[in-house]
Amino acid sequence: MNLHEYQGKDILAGFGVRVQRGIVAQNVDEAVEAAKKLTEETGTGWHVIKAQVHAGGRGKGGGVKLAKNLDEVKTIAGQIIGMDLVTPQTSAEGKRVHQVLVAEDVYYPGDSEPDEFYMSVLLNRGTGRNMIMYSTEGGMDIETVAEETPHLIFTEEVDPAVGLLPFQARRVAFNLGLSGLAFKEMTKFVMSLYTAYVKSDSSLFEINPVLKTSDDKILAVDAKVTIDDNALYRHKDYEALRDLREENPIEVEAKEVGLNYVDLDGNVGCMVNGAGLAMGTMDLIKHSGGEPANFLDVGGTADAARVEAAFKIILKDPAVKAILINIFGGIVRCDRVAQGVIDAYKNMGNIEVPIIVRLQGTNADIAKELIDNSGLAVLSATEFQEAADKVQEVLA
Ligand code: GDP
Ligand code: MN
């Protein structure tokens, strides 16, 4: 589950990580109120108005702007709220901005220059250990840094048995070229950031930039936080942070009816039971010259209601030119699934895309008969290759 910047910062702050302070606002009036309140609390005169959408690169797209007085807060919040923000990480249509974070300006002048760093915490799948990835080159695309100046990216791996050790946090601060108070602040920042990562069961933290202020404080100016969905049951309070407006609408609907659905770019919808068979079926579709339009595991109970729900979900994708149903009937007998497909088809009325059904397992022969005699425009197959050939045929 991805979070908004303001939500990510709340979680970080809860574990003692210093963050650029801010208040989220849904409209211009709230933005002005937020700015006044921040001035009272932090003494800041200037504010940054930051679009809250699940996409990075907002600054480049005009979604992060500095306001030097309340009038500017009003104007800028008015511009950003409601805009379709286009960034290097969104589609060409962009993402609708529903809310902004009004934050204190932390790039104020002082004894030293502010300095931006990059820092992320994530799992190194190669070693099976968490690592902190960091760079002196903050505020820009880490992908660009990795391409052009890979020697400026450092990593610090954490031994899960002992956790992040203080000497490692000091090494991070050292490699970032810090000394004195900033060095001490950075070690504290890194230690608390890592604790937050572990305790929140996150799968990714990306803080870009981490800022050294002109008075040598270290704080998170941005926060991209992804919580591990498989651990959400341990954090009931995080469930409320989900913003369905940011998620794929078809996937949200599928989740509501309990289907395991992932939207993909192809033209062949597939309905399968079991994740492994679903993967195999997607390969099969590719082999037959198509591209899977989705991953859909209907799970163990493929009755008429479930098949119908799955049909409806698949057909919401206008790119679907054919549907391949590939179900292994073990405990659910194939004839029950076949009947489910037929009933769902009849209930739905006008399904215009060709459907290929491959049922294998218990009562597969009865199932094939049911389909073949149903009078519906459904092609049946028993073998994998046969199903692939039929997909190829209907796409041709
Ligand atoms: P992103 O573009 O989506 O990654 O959003 P960020 O939160 O990283 O902000 C983008 C950029 O806005 C940062 O790299 C900073 O250069 C700038 N910025 C953020 N906060 C402040 C601030 O308090 N004052 C000033 N002057 N600039 C800021
Ligand atoms: Mn950023």
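By the naming in an unreviewed UniProt entry, the protein is Succinate--CoA ligase [ADP-forming] subunit beta, taken from Neotamlana nanhaiensis. Word for word, the UniProt comment on the protein under Subunit (unreviewed entry) is "Heterotetramer of two alpha and two beta subunits." Comment text from UniProt for the protein, heading Sequence similarities (unreviewed entry), reads "Belongs to the succinate/malate CoA ligase beta subunit family."

Draft legend 1. Focus on the overall build of the protein. Scanning the protein from N- to C-terminus turns up 12 helices and 18 strands. Along the first, second and third principal axes, the C-alpha atoms of the protein reach 85 × 50 × 40 Å. For the protein, the share of sequence-separated contacts (at least 6 apart) that also reach a separation of at least 24 residues comes to 67%. Just so you have it, the protein exposes about 18,700 Å², and 51% of that area is on carbon and sulfur atoms. Within the protein, the 59 negative side-chain charges are centred at a point lying 4 Å from the centre of the 39 positive side-chain charges.

Draft legend 2. Structural view of the domain arrangement of the protein. What the domain assignment lists for the protein is domain 1 (1-20 + 107-246), domain 2 (21-105) and domain 3 (249-395). The C-alpha centroid of domain 3 is placed 45 Å from the C-alpha centroid of domain 2.

Draft legend 3. Seen up close, the coordination of the manganese ion (ligand 2). Here the manganese ion (ligand 2) is held by the protein donor atoms N208 (O) and D222 (OD), which lie 2.2 Å from it. Of the two residues, N208 is situated in strand β10 (residues 202-212) and D222 in the loop between β11 (218-220) and β12 (224-227); the sequence distance between them amounts to 14 residues. Note on N208: relative accessible area 17%, which makes it buried.

Draft legend 4. Quick peek at helix α5 (residues 166-175). Those residues of α5 that fall on the buried side of the exposure criterion are Q168, A169, V172 and A173. For α5, the angular spread of the buried residues around the axis is 145 degrees, confining them to a single face. Tucked inside the fold, the buried residues of α5 contact β7 (115-124), β8 (129-135), β9 (153-157) and α6 (180-199). Phi turns positive one or two residues past the end of α5, at G177, with a value near 80 degrees.

Draft legend 5. Here's a closer look at the site of ligand 1. Residues in contact with ligand 1 amount to 17 residues; listed here are only the nearest, K50, R58, G59, D105 and V106. One of the side-chain N or O atoms of K50 is found 2.6 Å from an oxygen atom in ligand 1. Contact with the protein chains removes 79% of the 570 Å² of surface that ligand 1 exposes when unbound. Every element with two or more residues in the shell around ligand 1 is listed here: β2 (47-51) and β10. For the shell around ligand 1, the per-class residue count stands at 6 nonpolar, 5 polar and 6 charged.

Draft legend 6. Local environment of the UniProt feature "binding site: substrate" (unreviewed entry) in the protein. In this structure's numbering, the residues bearing the UniProt feature "binding site: substrate" (unreviewed entry) are N273, G330, I331 and V332. Spanning 60 residues, the named residues nonetheless gather at one spot, since no C-alpha pair among them exceeds 11.5 Å. By secondary structure assignment, the location of I331 is in the loop between β16 (322-329) and α10 (334-348). Here V332 lies in the loop between β16 and α10. By relative accessible area, which is 16% here, V332 ends up buried.

Draft legend 7. Just the packing of aromatic side chains, in detail. Summed over the entire model, instances satisfying the criterion amount to 3 aromatic pairs. Ring centres of Y134 and F154 lie 5.2 Å apart, and the angle between their planes is 20 degrees; this geometry places the pair in the stacked category. Remark: F154 occurs in strand β9 and Y134 occurs in strand β8; sequence separation between them is 20 residues. The rings of Y194, Y197 and F205 are connected pair by pair, giving a single aromatic cluster. In this arrangement the basic side chain of K68 is found over the ring face of W46, its NZ or CZ atom lying 4.8 Å from the centre.

Draft legend 8. View of the environment of R18. Considering the arrangement of structural elements, one finds R18 in the loop between α1 (5-14) and β1 (22-25). Classification of R18 by relative accessible area gives partly exposed; the value is 34%. It is 47 Å that separates the C-alpha atoms of R18 and L277, two residues lying 259 residues apart in sequence. Those residues in contact with R18 that sit more than four places away from it in its chain are E185, F189, K217, I218, L219 and A220.

Draft legend 9. View of empty space enclosed by the protein. Applying the stated criterion to the full structure yields 1 cavity of 30 Å³ or more. Along its surface, the largest cavity is lined by V357, R358, L359, A364, K368, I371, S380, A381 and T382. Secondary structure elements with two or more residues in the lining of the largest cavity: β17 (355-361), α11 (364-372) and β18 (378-381). Residues that form the lining of the largest cavity fall into these classes: 5 nonpolar, 2 polar and 2 charged.

Draft legend 10. Main features of the packing of helix α9 (residues 304-315) against α10. At a minimum axis separation of 8 Å, α9 and α10 run at an interaxial angle of 55 degrees. As judged from the angle between their axes, α9 and α10 are oblique. In terms of crossing hand, the pair formed by α9 and α10 is right-handed. Residues A304, V307, E308, F311, K312 and L315 of α9 form the contact with α10, whose own contacting residues are G340, V341, D343, A344, Y345, N347 and M348.

Here is what the cut-offs are and how they apply
- Residues numbered from 1 in each chain as written.
- Chains lettered and ligands numbered in written order.
- Predicted model: local features only at pLDDT ≥ 70, side-chain atom pairs only at ≥ 80, totals over all residues.
- Heavy atoms only, no water.
- UniProt positions renumbered as here; feature names shortened; annotations may be inferred.
- Helix = DSSP H or I, 4+ residues; strand = E, 2+ residues; numbered from the N terminus.
- Contact = heavy atoms within 4.5 Å.
- Areas by Shrake-Rupley, 256 points an atom, 1.4 Å probe, with all protein chains shown as cover.
- Lys, Arg positive; Asp, Glu negative; His and termini not counted.
- Charge placed at Lys NZ, Arg CZ, Asp CG, Glu CD.
- Domains from an automatic or database assignment.
- Donors = N, O, S within 2.8 Å, 3.2 Å for Na, K, Ca; no water.
- Buried < 20%, exposed > 50% of the residue type's maximum accessible area, 1.4 Å probe, protein only.
- Arc of directions from axis to C-beta.
- Near = heavy atom within 4 Å.
- Polar contact = N/O pair within 3.5 Å; in protein donor to acceptor, adjacent residues only side chain to side chain.
- Nonpolar A, V, L, I, M, F, W, Y, C, P; charged D, E, K, R; others polar.
- Phe/Tyr/Trp six-rings, centres within 6.5 Å; stacked < 30°, edge-to-face > 60°.
- Lys NZ or Arg CZ within 6 Å of the ring centre and 35° of its normal.
- 1 Å grid on protein atoms, 1.4 Å probe; cavity = no way out; pocket = protein on both sides within 12 Å on 5 of 7 lines; lining within 4 Å.
- Points joined across faces, edges and corners; volume = space filled by probe spheres on them.
- Axes fitted to C-alpha atoms, helices over the stretch in contact; angles between N-to-C directions.
- Parallel < 35°, antiparallel > 145°, perpendicular 65-115°, else oblique.
- Left-handed = near helix turned anticlockwise from the far one by under 90°.

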